[in-house]
Amino acid sequence: MSTESEHGQKNASTLSLREAAQLLSAEGLGVYEGETLLASAIQRGELHADVMRWATEQWDGRHLPGNINARQTRIERADFDVWRSRRAAS
């Protein structure tokens with residue numbers, strides 16, 4: 001899955017939090033459940049991400065821990081894969 005950078009270039013090495021949550025749906029999670037799981041892992045320091053947060057008055061959709069914006073928060077694919085494998089092992 002590739003994403004577009006802020007300069008409009010495709011970057012296959014990063015995912016939005018929402019795209020990562022969609023990948024977790026293969027494990028039986030709903031997208032919002034996956035977003036919440038990922039946001040919580042980010043908040044606990046278990047998963048590194050370039051976090052974008054919503055201001056309360058900008059909120060769009062369901063809330064995630066830490067007011068994390070699921071569309072604009074970026075996760076390196078390698079970091080996601082490591083986190084996912086650790087999660088599967090536990």
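Predicted model, so just to flag it, every value in this text is computed and none were measured. (Residues numbered from 1 in each chain as written. Predicted model: local features only at pLDDT ≥ 70, side-chain atom pairs only at ≥ 80, totals over all residues. Heavy atoms only, no water.)

Enquirer: Looking at this structure, I do not really get the packing of helix 2 (residues 31–43) against helix 3 (residues 77–89). What am I missing?
Expert: Relative orientation and spacing of two packed helices are given, respectively, by the angle between their axes and the distance between those axes. Viewed as axis vectors pointing N to C, helix 2 and helix 3 meet at an angle of 100°, and their least axial separation amounts to 13 Å. Taken together, helix 2 and helix 3 sit at an angle that is classed as roughly perpendicular. Note on element contacts: helix 3 touches helix 2 through Phe 80, Trp 83 and Arg 87, opposite Leu 37, Leu 38 and Ala 41. Residue composition of the contact of helix 2 with helix 3, by class: five nonpolar, no polar and one charged. (Axes fitted to C-alpha atoms, helices over the stretch in contact; angles between N-to-C directions. Helix = DSSP H or I, 4+ residues; strand = E, 2+ residues; numbered from the N terminus. Parallel < 35°, antiparallel > 145°, perpendicular 65-115°, else oblique. Contact = heavy atoms within 4.5 Å. Nonpolar A, V, L, I, M, F, W, Y, C, P; charged D, E, K, R; others polar.)

Enquirer: Would you mind showing me how to read unusual backbone geometry here?
Expert: Peptide bonds are mostly trans, and most non-glycine residues show a negative phi. The phi angle at Asn 67 is positive, at roughly 55°, despite the residue not being glycine. Positionally, Asn 67 belongs in the loop between helix 2 and strand 4 (74–76).

Enquirer: It is not clear to me how the nonpolar core should be interpreted in this structure. Could you clarify?
Expert: Taken as a class, soluble globular proteins show a tendency for nonpolar side chains to be buried jointly. If you look at the biggest cluster of nonpolar residues, it comprises 17 residues, and the most contacted ones within it are Leu 17, Leu 38, Ile 42, Leu 47, Ile 75, Phe 80 and Trp 83. Elements with a contribution of two residues or more to this core: helix 1 (17–24), helix 2 and helix 3. Ignoring sequence-local partners within four residues, the contact set of Leu 17 consists of Glu 35, Leu 38, Ala 39, Ile 42, Leu 64, Ile 68, Ala 70, Thr 73 and Ile 75. (Core = buried A, V, L, I, M, F, W, Y, C linked by side-chain atoms within 4.5 Å. Buried < 20%, exposed > 50% of the residue type's maximum accessible area, 1.4 Å probe, protein only.)

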